[in-house]
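Take a look at the letters that make up each chain.
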Amino acid sequence: MIQRRLLAAVSIALLGVGAAWLVTSATDRADARVSNRAAGVGVFDPTSGSWQLRDTAGVTRSFFYGVPGDLPLLGDWDCDGEDTVGMYRPSTGFVYLRNSNSFGVADLSFYFGIPGDIPFVGDWNGNGCDTLAIYRSATVFLSNALTTGPASDQFFFGIPGDRPFAGDFDGNGTTDFGLHRPGSGFVYYATGIPAGSVAETAGSFYYGIPGDRVIAGDWDLDSDETVGLFRSSEERFYLRNDNSLGVADVSFSFGSAGRLPVAGDFA
């Protein structure tokens, strides 16, 4: 009897340790998203698979990852607080993710979406880990896991032809959804996953000119993410510290014509 009681006590203690580990792990993943680095930018050459990443100190690294025709992704796939590269192959709907910003093979690959979908990246549930969403004919399909499977949520947002981007626009720790209308430079965004079938716009404004590509990042370390854009014709980035109509707070030359921009938190 005494021996059974001792075993039960040890089992309860181990369960307690396991529960504490789970809580601590989740907390650590969320804390990993808090950074003392402002967001950096990068460009991807869809004709060659070449990457260039530029941090806020102006230091640039270059490497090859992907094949011609791939679309670039940048996210924290392994929940370590650093964004690393990934590729979406629109011809097949396959995703190839890497846990370091360097040449090499994918650490994780899976099928997500269908040919022609537009992918984008975010931490949709605030757990400190990035996953994917796709934009298809004015519908958002998002997943909270880096696996093939049905969407965790889906809803209507925007009109066909809009381009998706993502950022934590209200600074609450979860990623929100934005759209850019490339023909007019109109930008609008929603905060939070909608309770209904249609996302409601939380803010809208014009930023840039037709043909610009919009990204988002925490450029000034104030916890919320705001718009930036890459103007391919000028080979130049324009970053703004508020989600509103106005001129860029920071601009600099980087990249080359025809490159696709990304933004993220990388060392």
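Description of the structure in this document. Keep in mind that what you see is a predicted model, and the values were worked out from it rather than measured.

### Some thoughts on the sheet that holds strand β13 (residues 176–181)
Now for step 1: Ordered in space as β12-β13-β14-β15, the four strands form an open sheet in which the pairing is antiparallel. Of all the strands in the sheet, just β12 (163–167) and β15 (203–206) have a single pairing partner and so form its edges. Mean inter-strand twist for the sheet, computed between neighbouring axes without regard to direction, equals 20°.

### Notes on a nonpolar patch on the surface
Now for step 1: Together, Phe94, Tyr111 and Ile114 line one region of the surface with nonpolar side chains, adding up to about 240 Å² of accessible area.
Now for step 2: Note on Ile114: relative accessible area 39%, which makes it partly exposed.

### Quick notes on the pairing of strand β5 (residues 84–89)
Now for step 1: With five of six residues buried, β5 is to be regarded as a mostly interior element.
Now for step 2: Two strands pair when backbone bridges link them, and strand β4 (residues 71–75) and β5 are joined in this way by five bridges, in the antiparallel orientation. The residue bridging Leu73 from the neighbouring strand is Gly86, located in β5.
Now for step 3: Here β5 pairs with strand β6 (residues 94–97) via four bridges, running antiparallel. Across the sheet, the residue bridging to Arg89 is Phe94, located in β6.

### Focus: the environment of Ser184
Now for step 1: With respect to the secondary-structure elements, Ser184 resides in the loop between β13 and β14 (186–190).
Now for step 2: Its relative accessible area of 32% is what places Ser184 among the partly exposed residues.
Now for step 3: Taking the C-alpha atoms as reference points, Ser184 and Tyr206, separated by 22 residues in sequence, lie 8.0 Å from one another.
Now for step 4: Beyond its immediate stretch of four places on either side in the chain, Ser184 contacts Tyr206 and Pro210.

### Observations regarding the packing of aromatic side chains
Now for step 1: Taken as a whole and judged by the stated rule, the model has 17 aromatic pairs.
Now for step 2: Measuring from ring centre to ring centre gives 5.7 Å for Phe94 and Tyr111, while their planes differ by 70°; the resulting arrangement is edge-to-face. Here Phe94, found in strand β6, pairs with Tyr111, found in strand β7 (residues 108–111); they are 17 residues apart in sequence, far enough to count as distant.
Now for step 3: According to the relative accessible area criterion, Phe94 is partly exposed, its value standing at 32%.
Now for step 4: Tyr111 sits in the partly exposed class, given a relative accessible area of 31%.
Now for step 5: Seen in terms of ring centroids, Phe186 and Tyr206 are 5.1 Å apart; in terms of plane orientation they differ by 55°. Their pairing is tilted. With Phe186 in strand β14 and Tyr206 in strand β15, this residue pair connects regions lying 20 residues apart in the sequence.
Now for step 6: Owing to a relative accessible area of 47%, Tyr206 belongs among the partly exposed residues under this scheme.

### Quick notes on unusual backbone geometry
Now for step 1: Unlike most non-glycine residues, Ser223 shows phi in positive territory, near 85°.
Now for step 2: Mapping Ser223 onto the fold places it in the loop between β16 (213–217) and β17 (226–231).
Now for step 3: A positive phi is found at Glu235, a non-glycine position, where the angle reads about 55°.
Now for step 4: On the secondary structure map, Glu235 appears in the loop between β17 and β18 (236–239).
Now for step 5: For Glu235, a relative accessible area of 33% translates into the label partly exposed.

What counts, and at which threshold
Residues numbered from 1 in each chain as written. Predicted model: local features only at pLDDT ≥ 70, side-chain atom pairs only at ≥ 80, totals over all residues. Heavy atoms only, no water. Pairing = 2+ DSSP bridges. Helix = DSSP H or I, 4+ residues; strand = E, 2+ residues; numbered from the N terminus. Axes fitted to C-alpha atoms, helices over the stretch in contact; angles between N-to-C directions. Patch = residues over 30% accessible without salt bridge, like charges linked within 9 Å, V, L, I, M, F, W, Y side chains within 5 Å. Areas by Shrake-Rupley, 256 points an atom, 1.4 Å probe, with all protein chains shown as cover. Salt bridge = Lys/Arg side-chain N within 4 Å of Asp/Glu carboxyl O. Buried < 20%, exposed > 50% of the residue type's maximum accessible area, 1.4 Å probe, protein only. Contact = heavy atoms within 4.5 Å. Phe/Tyr/Trp six-rings, centres within 6.5 Å; stacked < 30°, edge-to-face > 60°.

Just distances and angles here, no functional claims.
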